[in-house]
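The chain contents come next:
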Amino acid sequence: MENADQLEAELIRRRPPWLFDPDSGRRQLLRFFGLHDLTGFGIDDKPLAIAAAGALLGYVEETQKQRLPHLTSIALETSGEAIAMNAATRRHLELDSRVDGQTRHTLLGVLDSTITPMGGRLLRRWLHRPLRDRGVLGARHHAVATLVEQRADADLRDGFRGLGDVERILTRVALRSARPRDLSTLRDALGLLPGIRQALAQLDSPRLQALAAELGQHDEIAHLLATAIAPQPPLKLADGGVIAEGYDAELDELRRLSTNADQFLVDLEARERAATGIPTLRVGYNRVHGYYIEISKGQADKAPVHYTRRQTLTGAERYITEELKAFEDKVLSARERALAREKFLYDALLDALNEVLEPLKRCAAALSELDVLACFAERAQALDWSQPELTDAPCLCIERGRHPVVEAVREEPFEPNDLELYGDRDGQARRMLVITGPNMGGKSTYMRQNALIVLLAHIGSFVPASRAVIGPIDRILTRIGAGDDLARGQSTFMVEMAETAYILHHATEQSLVLMDEIGRGTSTYDGLALADAVARHLATVNRCWTLFATHYFELTALATPESGIANVHLDAVEHGDSLVFMHAVREGAADRSFGLQVAALAGLPKATLAQARRRLAELEQRGRETHASEMAPQALDAPQQFGLFAPAPSAAQEALAALDPDELTPKQALEALYRLKSLL
């Protein structure tokens, strides 16, 4: 509890409630963007959005403590634009992180082959916000198909390898915190644009052509950076050498003064000897008087009139000229002045970049999306994925679907499985599958793989299936796995019920719901009753697409011709003392769970397993004697459950149970009492 509170304090920066006031937020947004109203952003009539945006802007201004010229607009995202997924669903599906914190064996870990950091960030955003807009998704699927068919993704990806993180660089440019190597990376990236445009020119895809247009023409700024920035600039501006030679004459002169002062003096000496005709004239330097021109006493009368006497010696006169004085001033402060000049020129470069920041940001966004689409094409070819079909008909039909992560990490071939759900076919509906089968048989994997296929289709990717026809989906909701929440004082069963309640309240006819072993955290009859009630609610009230995995075989009775519910199972075969999991989904219900066989695979002691088999036989016999095979209402209302640990009756108890006191004489009763005592 204490660790959870500490973690929350480190990750969450709490703000005062008054910062979320809509009126205050409106004033802050109008001031920042210099507007009269917020109608252009589409939030003028949305006070909660205004309050949130104002609070966020205030936090950014408080932490950055500088102008934010790169923030130029507000984008409004509505829940209807994307498939809704709550935190539990994202966690259960392991989109980009696992429970243990690892990211390698996740959907993102398998899918992300992007080249650039900005492409990787965009892919992560797409994963967490799958779209419902069929137009956008169709354009993405067509773009990926075009790259695959023409094998154009490899050339495109090769062109991305020198791009760097243009998106972050432009942010630093706007904040005037860009480092010299940021500008050299931006220069190199702009130099790659012609090659990327050429690779896109021959591709017949509306989305790819639109992105090519978004790249824009940046020849002028590319030439500026190419001429201004040194080929390999230092890490920091203060180190000098950032501005390329030949870009600024004054800077070049200062650099020459600081590095080639001796050569300048030699050239000056030769020039003055020739001008005065004094072969013994020399140029020298000392710390007291600085630079000077020395002429012997015998030649002093030949000194030109523009020579100014600086020092008289016994055998010579020393002079200074305006040129030499200027050189002295320059060379003594040349390095400091060179660094100052570089700083001035560097700031001018940042000013020039900020003037074209918006086109450059659009270019970076286009490069990011191209990187992701090329990633999708590469993954489709490498992993044998196919293009999904999005339809308006209510259905969810997947042929030979596979779990992308499990298939990637296991060495054995993955067993593909079909899924068929539909809203109306010949007057019949099939909206829920009750999935039974042994532990480790693959029920959870089967459910997750279908959810991931739906998600991948709605980010624009191809999917791990031979064919996928997917109708409208508005939510993906899951109740998978078990775990308590100590920070909130919730038990495992309480967490399970809370997540189930959320699903029952929010699922619609267009929602995909995964339910894994509902009711296992409480007593047998309580759990069975809850599982039955939840399944019935999902089938009759929510009427959502549901995959319902359970070990309660009584639930298979729900699958009646008019219910919209069907039974499927994952099979296993006993081979001697071992158990072979087939991982294949078959129609119909399973006839057993193979729990003891799985326990044996886990390494339980043989004596424990033998005791479990004996006890199982007793319980099954008792169940056959006292319970009907189908689930009756009176059974669900009964408060008792099997006495798993009740001892077997003793001989004395059995003898006592056989007695009928009304039929015994006093003598027979006394004899029976002695007989019972002897049995104790």
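The model shown is predicted, which means the values in this text are computed figures rather than measured ones. (Residues numbered from 1 in each chain as written. Predicted model: local features only at pLDDT ≥ 70, side-chain atom pairs only at ≥ 80, totals over all residues. Heavy atoms only, no water.)

K.L.:
Would you mind showing me how to read the overall build of the protein chain here?
P.N.:
When helices and strands are tallied, the protein chain shows 26 helices and 15 strands. What you see for the protein chain is a C-alpha radius of gyration of 40 Å, clearly larger than the 26 Å of a compact globule of 680 residues, by over 25%. If you line up the protein chain on its principal axes, its C-alpha atoms span 165 × 65 × 60 Å. A buried classification covers 43% of the 680 residues belonging to the protein chain. Summed over all atoms, the accessible surface of the protein chain reaches about 36100 Å², with 53% contributed by carbon and sulfur. Looking at charge distribution, the protein chain has the averaged site of its 78 positive side-chain charges lying 6 Å from that of its 95 negative ones. (Helix = DSSP H or I, 4+ residues; strand = E, 2+ residues; numbered from the N terminus. Rg over C-alpha atoms; globule rule 2.2 N^0.38 Å. Buried < 20%, exposed > 50% of the residue type's maximum accessible area, 1.4 Å probe, protein only. Areas by Shrake-Rupley, 256 points an atom, 1.4 Å probe, with all protein chains shown as cover. Lys, Arg positive; Asp, Glu negative; His and termini not counted. Charge placed at Lys NZ, Arg CZ, Asp CG, Glu CD.)

K.L.:
Sorry if this is basic, but what is going on with unusual backbone geometry here?
P.N.:
Phi at R151 takes a positive value of approximately 50°, unusual for a residue other than glycine. When you line up the elements, R151 lands in the loop between helix 7 (134–149) and helix 8 (153–160). For D384, which is not glycine, the phi dihedral falls at a positive 60°. Tracing the backbone shows D384 in the loop between helix 17 (357–383) and strand 5 (389–390).

K.L.:
When you look at the sheet that holds strand 1 (residues 282–286) in this model, what are you seeing that I'm missing?
P.N.:
In any sheet, the strands associate via hydrogen bonds between backbone groups, in a parallel or an antiparallel arrangement. Across the sheet, which stays open at both edges, the four strands sit in the order 1-2-4-3 with antiparallel pairing between neighbours. Each edge of the open sheet carries a strand with a single partner, namely strand 1 and strand 3 (308–312). For this sheet, the mean inter-axis angle between neighbouring strands, taken without regard to orientation, is 40°. Relative to strand 4 (residues 316–320), strand 2 (residues 290–296) runs antiparallel, the two being bridged by four bridges. Following the sheet pairing, S296 is matched in strand 4 by A316. Across the face of the sheet, helix 14 (residues 261–276) comes into contact with strand 1 and strand 2 while running at roughly 140° to strand 1. Contacting strand 1, strand 2, strand 3 and strand 4, helix 15 (residues 322–332) crosses the sheet at an angle of about 145° to strand 2. (Pairing = 2+ DSSP bridges. Axes fitted to C-alpha atoms, helices over the stretch in contact; angles between N-to-C directions. Contact = heavy atoms within 4.5 Å.)

K.L.:
Would you mind showing me how to read the sheet that holds strand 6 (residues 395–401) here?
P.N.:
Overall, mixed pairing links the five strands, which are arranged 5-10-6-7-8 in an open sheet. The open sheet terminates on both sides in strands that have one partner only, identified here as strand 5 and strand 8 (428–430). Pairing of strand 5 with strand 10 (residues 467–470) involves two bridges; the strand directions are parallel. Counterpart to E389 in the pairing with strand 10 is V469.

K.L.:
Explanation requested: the environment of R104 in the structure shown.
P.N.:
Position of R104 among the secondary structure elements: in the loop between helix 4 (87–93) and helix 5 (107–111). Accessibility expressed as a relative area gives 65% for R104, which makes it exposed. Taking the C-alpha atoms as reference points, R104 and L192, separated by 88 residues in sequence, lie 31 Å from one another. Apart from the residues lying within four places of it in its own chain, the contact partners of R104 are G109 and V110.

K.L.:
Can you help me understand the UniProt feature "domain: DNA mismatch repair proteins mutS family" (unreviewed entry) in the protein chain in this one?
P.N.:
Per the UniProt entry, the sites bearing "domain: DNA mismatch repair proteins mutS family" (unreviewed entry) are residues 511–527 in this numbering. Helix makes up 24% of residues 511–527 and strand 35%, with an end-to-end C-alpha separation of 24 Å. (UniProt positions renumbered as here; feature names shortened; annotations may be inferred.)

K.L.:
I'm lost on the state of the cysteines in this one. Help?
P.N.:
Under the defined criterion, the tally for this structure stands at zero disulfides. Its sulfur unpaired, C544 is 16 Å from the next cysteine sulfur, which belongs to C395. (Disulfide = S-S within 2.5 Å.)

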